[in-house]
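Structural characterization, general
As a plain string of letters, each chain reads:
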Amino acid sequence: MTLKDIAGELVAGCRENRAKENLPKLYAKDAVSVEAQDMDGSGRETTGVDAIRGKHEWWESNMEVTGGTISDPMLHGDDRFAVIFEMQGKEKATGKSFDMKEVGVYHVADGKIVREEFFYAT
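Not measured: the values here are computed from a predicted model. Numbers given to residues run from 1 along each chain, matching the order in which its sequence is written. pLDDT decides what is reported in this predicted model: residues at 70 or higher carry local features, side-chain atom pairs at 80 or more are listed and counted, and totals for whole chains, interfaces and linings draw on all residues regardless. For the side-chain quantities, the full set of heavy atoms in the structure was used; hydrogens and water were omitted.

**Topic: the nonpolar core**
- The nonpolar core is taken to be a set of buried Ala, Val, Leu, Ile, Met, Phe, Trp, Tyr and Cys residues, with the residues joined through side-chain atoms within 4.5 Å. Accessibility here uses a 1.4 Å probe with only protein chains present; expressed as a share of the type maximum, an area under 20% marks a residue as buried, one over 50% as exposed, and anything in between as partly exposed. With 23 residues, the main nonpolar core has Leu10, Tyr27, Phe81, Val83, Phe85, Tyr106 and Ile113 as its most contacted residues.
- Contributions of two or more residues to this core are made by helix H1 (3-15), helix H2 (19-26), strand S1 (27-34), helix H3 (49-62), strand S3 (63-70), strand S5 (80-91), strand S6 (97-109) and strand S7 (112-120).
- Strands are runs of DSSP state E lasting at least two residues, helices are runs of H or I lasting at least four, and both sets are numbered from the N terminus onward. The biggest single contributor to this core is H1, with five residues.
- Discounting residues that sit within four places of it in the chain, Tyr27 has contacts with Leu10, Val49, Ile52, Tyr106, Lys112, Ile113 and Glu116. Contacts between residues were defined by any pair of non-hydrogen atoms, one from each residue, lying within 4.5 Å.

Shown next as C-alpha cells:
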C-alpha cells in the first residue's frame, strides 16, 4: 500500500468504526503508539499491534463518544501523515463530559504504520 492508501484507509476505518479491525492490515507487528499523557496507568508508550488493540479496547470500555469529526489525512513527504480528531463524549464511570481535540502523526515504513504519536489540545 502507498502512503496515501494507508492514510485514507486509516481515516475511513476511524470514521466507519472499524479502526480495530484495520490494525493488522495497516500496522507493523512491532508498531509503537505514543500518547501525550498516560491515560490508563500503563505509561505513554505502547509497543505491538496486540497492545495497540488493547488501547482501543480500553478506550471503548471507558469512554462513550457522542460526536466528533475526523479530518482528511494530511500527507508529509513519503513517510508520514497527520490526522486531526475532534470528539465529544463522556467517561462511562463518572458521566463526566469531555471535548477533545488531538492530532495523530503517523510514520510509515515498508507499507505499514510503524509509529503513531498523539498531541492533545488543552
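**Observations concerning unusual backbone geometry**
- Even without being glycine, Asn17 reaches a positive phi, approximately 55°.
- One can find Asn17 in the loop between H1 and H2.
- The exposure class assigned to Asn17 is exposed, which follows from its relative accessible area of 72%.
- A positive phi is found at Asp110, a non-glycine position, where the angle reads about 55°.
- In this fold, Asp110 is placed in the loop between S6 and S7.

**Overview of H2**
- Along H2, the residues classified as buried are Asn22, Leu23 and Leu26. In an axial view of H2, the angular spread of the buried residues amounts to 130°, which keeps them on one side of the axis.
- Looking at the packing, one finds that the buried side of H2 touches H1, S1, H3 and S7. To obtain the arc, one takes the directions from the helix axis to the C-beta atoms.

**Details of the packing of H2 against H3**
- Lines fitted to C-alpha atoms define the axes, with helix axes restricted to the stretch in contact, and inter-axis angles between N-to-C directions lie between 0 and 180 degrees. Where H2 meets H3, the closest approach of the two axes is 10 Å, and the angle between their N-to-C directions is 170°. With respect to their mutual orientation, H2 and H3 come out roughly antiparallel. Contact residues: Ala19, Lys20, Leu23 and Pro24 in H2; Val49, Ile52, Arg53, His56, Glu57 and Glu60 in H3.
- All residues other than Ala, Val, Leu, Ile, Met, Phe, Trp, Tyr, Cys, Pro, Asp, Glu, Lys and Arg, Gly among them, are scored as polar; the first ten of these are nonpolar and the last four charged. For the contact of H2 with H3, the class distribution of residues is five nonpolar, one polar and four charged. The scheme is simple: roughly parallel for angles under 35 degrees, roughly antiparallel for over 145, roughly perpendicular for 65 to 115, oblique for anything else.

**Points about the pairing of S7**
- Relative to S7, S1 is paired through four bridges, and the arrangement is parallel. What sits directly across from Tyr27, in S7, is Ile113.
- For two strands to be treated as a pair, DSSP must find at least two bridges joining them. As paired elements, S6 and S7 share eight bridges and run antiparallel to each other. Opposite Val105, over in S7, you have Glu117 as the bridge partner.
- The antiparallel hairpin formed by S6 and S7 contains two residues in its connecting segment, where Asp110 sits at a positive phi of about 55°.

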